[in-house]
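Coordinate analysis (summary)
Next come the chains, spelled out residue by residue.
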Amino acid sequence: MPLIVIPQVIRALRISFKKLCFINSLWIALVGFSLQAQLSDDAQISIITCDAGQELYSSFGHSAFRVQDSANGINWVYNYGTFDFNTPNFYYKFAKGKLLYSLRVSTFSDFLFTYELENRWVKEQILKLNAKERNDLFRFLENNRKPENRDYKYDFLFDNCATKLPQILKKVLGDNLEYHGEHLKNQLTFRDLIHQNLLTNSWSSFGIDLALGSVIDREAASEEYMFLPKYVMLQMQNTTLAANPLILRERSVLDYSDKRFNYNFGLTPLFWLLLLLLFTLSISYIDLRNGTRSRWLDFFLFLITGSAGLLIFFLWFLTDHSSTANNFNILWAFPFNIAACYFLLRKDRIPKWMGKYILGLLVLMTITLILWIFQIQQFSPLISVVFATLGFRYALLYRYFTNSKPSL
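Rules behind the numbers
Residues numbered from 1 in each chain as written. Predicted model: local features only at pLDDT ≥ 70, side-chain atom pairs only at ≥ 80, totals over all residues. Heavy atoms only, no water. Helix = DSSP H or I, 4+ residues; strand = E, 2+ residues; numbered from the N terminus. Buried < 20%, exposed > 50% of the residue type's maximum accessible area, 1.4 Å probe, protein only. Contact = heavy atoms within 4.5 Å. Areas by Shrake-Rupley, 256 points an atom, 1.4 Å probe, with all protein chains shown as cover. Patch = residues over 30% accessible without salt bridge, like charges linked within 9 Å, V, L, I, M, F, W, Y side chains within 5 Å. Salt bridge = Lys/Arg side-chain N within 4 Å of Asp/Glu carboxyl O. Pairing = 2+ DSSP bridges. Axes fitted to C-alpha atoms, helices over the stretch in contact; angles between N-to-C directions. Disulfide = S-S within 2.5 Å. Parallel < 35°, antiparallel > 145°, perpendicular 65-115°, else oblique. Left-handed = near helix turned anticlockwise from the far one by under 90°. Nonpolar A, V, L, I, M, F, W, Y, C, P; charged D, E, K, R; others polar. Core = buried A, V, L, I, M, F, W, Y, C linked by side-chain atoms within 4.5 Å.

A look at the overall build of the protein
- A tally of regular secondary structure across the protein gives 13 helices and 10 strands.
- Buried residues in the protein amount to 45% of all 408 residues.
- A sequence separation of at least 24 residues applies to 78% of the contacts in the protein between residues at least 6 apart.
- As presented, the protein carries roughly 22000 Å² of accessible surface, and 60% of it is formed by carbon and sulfur atoms.

As structure tokens, this is what we get:
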């Protein structure tokens, strides 16, 4: 096949797939309307748990409800993890924590399509429910999928595709449903749980530790573990309904146990942070011998730390994200560095207060280390390389500015 034809074929397949999904959704809506939310006696409702993917958005896996009823031609997945890219001001709402997620219904085969492409396992837990309980749950889901009910304000820790499932089960099944926590041997913090799904030396892990505050360093209650799909699956194995096990049986729908992740040290944050440290030490040694100051290095370090500080300030004070509050990374990634970098770029006429400002930065870094030692907030281990870089350069700058005569 000529190469010029391949993009056309791929585009045609995508269009056809989108049309097929639309037709399936329309068919599901029509059938659902005609059924009036009533299942047959042989129907089953199950919880679907999906493996983590390599991209950050899929790093924590996924959870959904599945409803099967062959008598009525139903094999549907109720998915609370969808959002609309065409939402007005999408990126602004996402950054502000105001983006609405939605419940979407698809056929089970359509749902599996992505996981088959990405070689991610999918497991199913069939719930042991009587006819009334199944229909109550089905009616709740059908009512929840209506346009006026399907949207909700997403929260990474407390209201996401995973937390929705135990919340709905409790709402529908009532006090007869009991979540037992004996399977959790250790009480972990939210940050500990997040890091179970991430490589420490990865940009995603480094970025999350930079963006999320000390509020996620408290121990999670047993039911709060279920913000992660893996723990929803484990919890269902340790849940009873009217003193009986909730799970009837389990099975693997897709099994990819030999999945491998690509790892290239040259693309990791540790590699680049070590490179920055070595570069800073080398330039600082030359500066120290010559009694000079490399203005572009100082400008770069202050620009980067100041920009990071502004981002932390924005996430902490100007958004609705619950997990970005009380973030003491702002002490070393100091927002005012974004203004100081302007003065540091100048060759002369350095403000008189610059020496004291640098000393203040060293004090703030010391406070950050104290907060880390006393576990008030856990920081990324990679920050130790950043501290070595900034600490050495700040000490040199303090010596330089206190021994010279600033002119402003």
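Still more ground to cover, so stick around.
Let's talk about a nonpolar patch on the surface
- Together, Leu369, Ile370, Ile373, Phe374 and Ile376 make up an exposed nonpolar region whose accessible area comes to about 520 Å².
- Mapped onto the elements of the fold, Ile373 is located in helix H12 (residues 354–373).
- Here Ile373 falls in the exposed class, since its relative accessible area comes to 64%.

Considerations on the sheet that holds strand S3 (residues 74–82)
- With antiparallel pairing, the 7 strands of this open sheet are ordered in space as S6-S4-S3-S2-S1-S5-S10. Each end of this open sheet is capped by a strand with a single partner; those strands are strand S6 (151–153) and strand S10 (247–254). Each adjacent strand pair in this sheet contributes to an overall mean axis angle of 25°, direction not counted.
- By the bridge criterion, 5 bridges tie strand S1 (residues 44–50) to strand S5 (residues 122–127) in an arrangement that is antiparallel. Among the inter-strand pairings, Ile47 is bridged to a residue of S5, identified as Gln125.
- Strand contacts of helix H4 (residues 131–144): S1, strand S2 (62–69), S3, strand S4 (100–107) and S5, with the helix running at about 55° to S3, the strand carrying the most contacts.
- Of the strands in this sheet, S1, S2, S3, S5 and S6 touch helix H5 (residues 164–173), which is tilted by about 50° from S2.

Quick look at the state of the cysteines
- By the definition in use, this model includes 0 disulfides.
- Its sulfur unpaired, Cys50 is 8.8 Å from the next cysteine sulfur, which belongs to Cys161.

A short note on the pattern of salt bridges
- Evaluated as defined, the whole model comprises 15 salt bridges.
- The residue Glu118 makes a salt bridge to Arg120 at a minimum N-O spacing of 2.8 Å.
- Glu118 sits in the partly exposed class, given a relative accessible area of 33%.
- Overall, the relative accessible area of 5% leaves Arg120 in the buried class.
- A salt bridge links Lys132 to Asp136, with the nearest nitrogen and oxygen atoms 2.7 Å apart. Here Lys132 pairs with Asp136, and both are found in helix H4, just 4 residues apart, close to one helical turn.
- Assessed through its relative accessible area of 60%, Lys132 is described here as exposed.
- One salt-bridge network, held together by shared partners, links Asp287, Arg293, Asp298 and Arg393.

Side note on the side chain of Ser63
- Here Ser63 shows up in strand S2.
- Each residue touching Ser63, except ones within four places of it in the same chain, is listed here: Ile48, Cys161, Ala162, Leu165, Pro229 and Val232.

With respect to the packing of H4 against H5
- At a minimum axis separation of 10 Å, H4 and H5 run at an interaxial angle of 125°. Taken together, the axes of H4 and H5 are oblique relative to one another. Read as a crossing pair, H4 and H5 show a hand that is right-handed. Contacts between H4 and H5 involve Glu133, Asp136, Leu137, Phe140, Leu141 and Asn144 from the first element and Ile168, Leu169, Lys171, Val172 and Leu173 from the second.
- Taken together, the residues of the contact of H4 with H5 sort by class into 7 nonpolar, 1 polar and 3 charged.

A short note on the nonpolar core
- With 35 residues, the main nonpolar core has Phe65, Tyr78, Leu127, Leu137, Leu169 and Met236 as its most contacted residues.
- Listing elements by their share of this core, those giving two or more residues are S1, S2, S3, S4, H4, H5, strand S7 (177–179) and helix H8 (229–236).
- The contact partners of Leu169, leaving out residues within four places of it in the chain, are Ile47, Phe65, Leu127, Leu137, Gly174, Leu177, Tyr179, Met236 and Leu246.
- Counting residues in each nonpolar core, the second largest holds 33 residues, with Leu301, Ala308, Ile383 and Tyr394 among its members.

Here we look at the pairing of S2
- Within S2, 8 of the 8 residues are buried, which leaves it mostly tucked inside the rest of the structure.
- Burial along S2 is two-sided: the face carrying His62, Ala64, Arg66 and Gln68 and the face carrying Ser63, Phe65, Val67 and Asp69 are both buried.
- Where S1 and S2 come together, 7 bridges link them in antiparallel fashion. In the strand pairing of S2, Gln44 is matched with Gln68.
- Pairing analysis gives 5 bridges linking S2 to S3, with the strands arranged antiparallel. Across the sheet, Phe65 pairs through a bridge with Tyr78, a residue of S3.

Such coordinate-based values are descriptive only and should not be taken to indicate function.
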